[in-house]
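Next come the chains, spelled out residue by residue.
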Amino acid sequence: MNQSASIIEIRNLSYEIGGRPVFAGLDMEVARGRITAVMGPSGTGKTTLLRLITGQVAADGGSIVVAGQDMRVVRRAGLYVLRRRMGMLFQNGALLTDLSVFENVAFPLREHTDLPERLIRQLVLTKLQAVGLRGAAELMPTELSGGMSRRVALARAIVMDPEILIYDEPFVGLDPISLGVILRLIRRLSDALGITSIVVSHDVQEISTVADQVFLLSGGKVVAHGTPQQLHSYPSEIVRQFMGGLADGPVPFHFPAPDYFGELLAREGP
Amino acid sequence: MNLIRELWQSLVEALVGLGAIVRFLLRVIAQSPRALLRLDLIAQQIYNSGALSLVIIMLSGLFVGMVLGLQGFQLLQRFGSEEALGTAATIGLVKELGPVVTALLFAGRAGTALASELGLMRATDQLSAMEMMAVDPIRRVVVPRFLGGVIAMPLLAAIFSVIGIYGAQLVGVQLMGVDSGSFWSQMRASVGLSDINEGIVKSCIFGVACSLIAVYEGYYATPTAEGVGRATTRTVVTSAVVVLFLDYLITAAFL
């Protein structure tokens, strides 16, 4: 197995959706066993980047190497072997709605192992305890709040003890207590088990407390990377605007549109 | 010139669509042996597609049989051969109405449920989540639903026909006064195994077609509320047309 310092290497990545370039010449290295945050304004393709890294979509150009596996040449079987070493937390949790919370967390174990029922039960309850939802084991996903669903999904993502854990907007809609728990959990998984974490998030404050390195994306490229502290004092307008949450700056708040007053005063609607 | 180009384009699109669904079928068949190891999943789907459709199938079977009894009696009376009602109703039900009406009802009841369930699983990232857990959604989700439908359809068609024959007997014998003995004995004398076989072959083929269309439309539904709705509608419309078209082909083949 490749034991270099980087577990994910992206070189000169390009990708288009419907003729619109999302990435053009993106370079990125994710350090093994560390927490890497990917941030950027809405619509910069952060979720798309996760889909490219996990092989859900194929890049148009450049290379992505994940745990020594070149994603350009990997076939379905190889991709599934690789994905057994990954866990992913979707924005909405993506729990299987016809299974209970317990069965959702047990799902990967039942599909990939022949463990005895007693052991499955212990593993599932341990993971549910870690996210504080052991008591909700028998509930159905429809009975959970958005935050609880996300925590169950996290328990499911870690039940196979992955090497790489990918979080897509893990903090959206969480109350402060759950947020603190999830943040500590991400840190603990990284410190105790050496799991590599990639977190896509808008929450500058929260992510600054746990991330080891941050990549800031804009315009299809990495515009800045470094530790959260380095980014807070980064000598660039765009980084200052994003980290400080300012409306004025190189990133326009408004979607491109004709003149405001001109459109308001026009007789005909669009 | 434009018309020819447009016709050509629709023909190409139809062939591409047909190719896609055949490729999907091959993928489903390739995954079926492994999915067969999980009999619990298939049993669950036979229950969902079959057992839950029983009430509508039985009710429809009863009414279709009763109408057949009424119409058949009226027609046969003109030739003074009311005793042949049993034969007429049974052949009509077993060869034609049983498989076809069951398939149409199946598309409306179970097919739409399958398509919307799969479409919503796609829209809520459940299928992507499975892919990310290295579980092939075709094997885990699509194949059990497909096989469940394929197994349920002939059973439902058989139940439909049996209830329908009872309905025809109810109207013909109990209401119109056809002799009970000749109703049953004529039927037994003139309905052969080849008639039953035709019904079985039809319902098996309709089972494959309706289940395949439903899981295909659901699996590839656009992941929006509108997309899932459209997939559900297309399931019913396509299934109905395909079933009636195949019905003609199979009937012609059995002549």
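Residues numbered from 1 in each chain as written. Chains lettered and ligands numbered in written order. Predicted model: local features only at pLDDT ≥ 70, side-chain atom pairs only at ≥ 80, totals over all residues.

**With respect to the pairing of strand S3 (residues 35-39) of chain A**
Residues and elements named next belong to chain A.
Item 1. Burial analysis of S3 places 5 of its 5 residues in the buried class, which makes it a mostly covered element.
Item 2. Neither face of S3 is open: one carries Ile35, Ala37 and Met39, the other Thr36 and Val38, and all of them are buried.
Item 3. With 4 bridges joining them, S3 and strand S8 (residues 196-200) adopt parallel strand pairing. The residue of S8 that forms the bridge with Thr36 is Ile198. (Buried ≥ 20, exposed ≤ 12 C-beta atoms within 10 Å, placed from the backbone. Helix = DSSP H or I, 4+ residues; strand = E, 2+ residues; numbered from the N terminus. Pairing = 2+ DSSP bridges.)

**Let's talk about the sheet that holds strand S5 (residues 69-70) of chain A**
Residues and elements named next belong to chain A.
Item 1. Here 4 strands make up an open sheet; going across it, the order is S2-S1-S4-S5 and the pairing antiparallel. Strands with a single pairing partner mark the edges of an open sheet, and in this sheet they are strand S2 (20-31) and S5.
Item 2. Where strand S1 (residues 6-17) and S2 come together, 9 bridges link them in antiparallel fashion. Note on S2: the bridge partner recorded for Ser14 is Ala24.

**Things to note about the domain arrangement of chain A**
Residue and element names in this part refer to chain A.
Item 1. Structurally, chain A comprises domain 1 (6-85 + 163-265) and domain 2 (97-161).
Item 2. Taken together, the contact between domain 1 and domain 2 spans 11 residues of the former and 12 residues of the latter.
Item 3. Sorting elements by how many residues they give to the side of domain 1 that touches domain 2 places helix H6 (residues 176-193) first, with 5 residues.
Item 4. For the side of domain 1 that touches domain 2, a count of residues per class yields 7 nonpolar, 2 polar and 2 charged. (Domains from an automatic or database assignment. Contact = placed C-beta atoms within 7 Å. Nonpolar A, V, L, I, M, F, W, Y, C, P; charged D, E, K, R; others polar.)

**Concerning helix H2 (residues 39-49) of chain B**
All names here are of chain B.
Item 1. All of the buried residues along H2 are Ile42, Gln45, Asn48 and Ser49. Along the axis of H2, the buried residues cluster in a sector spanning 115°; they form a single face. Set apart from the buried face of H2 by more than 90 degrees, the exposed residues are Leu39, Asp40 and Tyr47.
Item 2. Elements in contact with the buried residues of H2: helix H4 (85-123) and helix H6 (137-175). (Arc of directions from axis to C-beta.)

**Concerning the environment of Leu144 of chain A**
Residues and elements named next belong to chain A.
Item 1. Structurally, Leu144 can be placed in the loop between helix H4 (117-130) and helix H5 (146-158).
Item 2. Note on Leu144: 18 C-beta atoms within 10 Å, which makes it partly exposed.
Item 3. Along the primary structure Leu144 and Leu165 are separated by 21 residues, whereas in three dimensions their C-alpha atoms are 23 Å apart.
Item 4. Discounting residues that sit within four places of it in the chain, Leu144 has contacts with Ala136, Leu139, Ser149 and Val152.

**Focus on the nonpolar core**
Item 1. If you look at the biggest cluster of nonpolar residues, it comprises 138 residues, and the most contacted ones within it are Val105, Ala155, Val199 and Leu216 of chain A together with Met153, Cys210 and Val215 of chain B.
Item 2. Composition of this core by domain shows at least three residues from each of domain 1 (6-85 + 163-265) and domain 2 (97-161) of chain A.
Item 3. Those residues in contact with Ala155 of chain A, other than ones at most four positions away along the chain, are Val105, Lys127, Leu128, Ala130, Val131 and Leu133 of chain A. (Core = buried A, V, L, I, M, F, W, Y, C linked by C-beta atoms within 7 Å.)

**Considerations on the interface of chain B and chain A**
Item 1. At the junction of the two partners, chain B supplies 10 residues and chain A supplies 15 residues.
Item 2. For the side of chain B that touches chain A, the per-class residue count stands at 5 nonpolar, 3 polar and 2 charged.

**Here we look at the sheet that holds strand S6 (residues 86-89) of chain A**
Residue and element names in this part refer to chain A.
Item 1. On the basis of which strands lie adjacent, the open sheet formed by 6 strands has the order S6-S7-S8-S3-S9-S10 and mixed pairing. Looking along the sheet, the strands with just one partner apiece sit at the ends: S6 and strand S10 (221-226). Averaged over all adjacent pairs, the angle separating strand axes in this sheet is 15°, with direction ignored.
Item 2. Bridge analysis of S3 against strand S9 (residues 213-218) gives 4 bridges, and the strand direction is parallel. What sits directly across from Val38, in S9, is Phe215.
Item 3. Packed onto the sheet, H5 meets S6 and strand S7 (164-168) and runs at close to 175° relative to S6. (Axes fitted to C-alpha atoms, helices over the stretch in contact; angles between N-to-C directions.)

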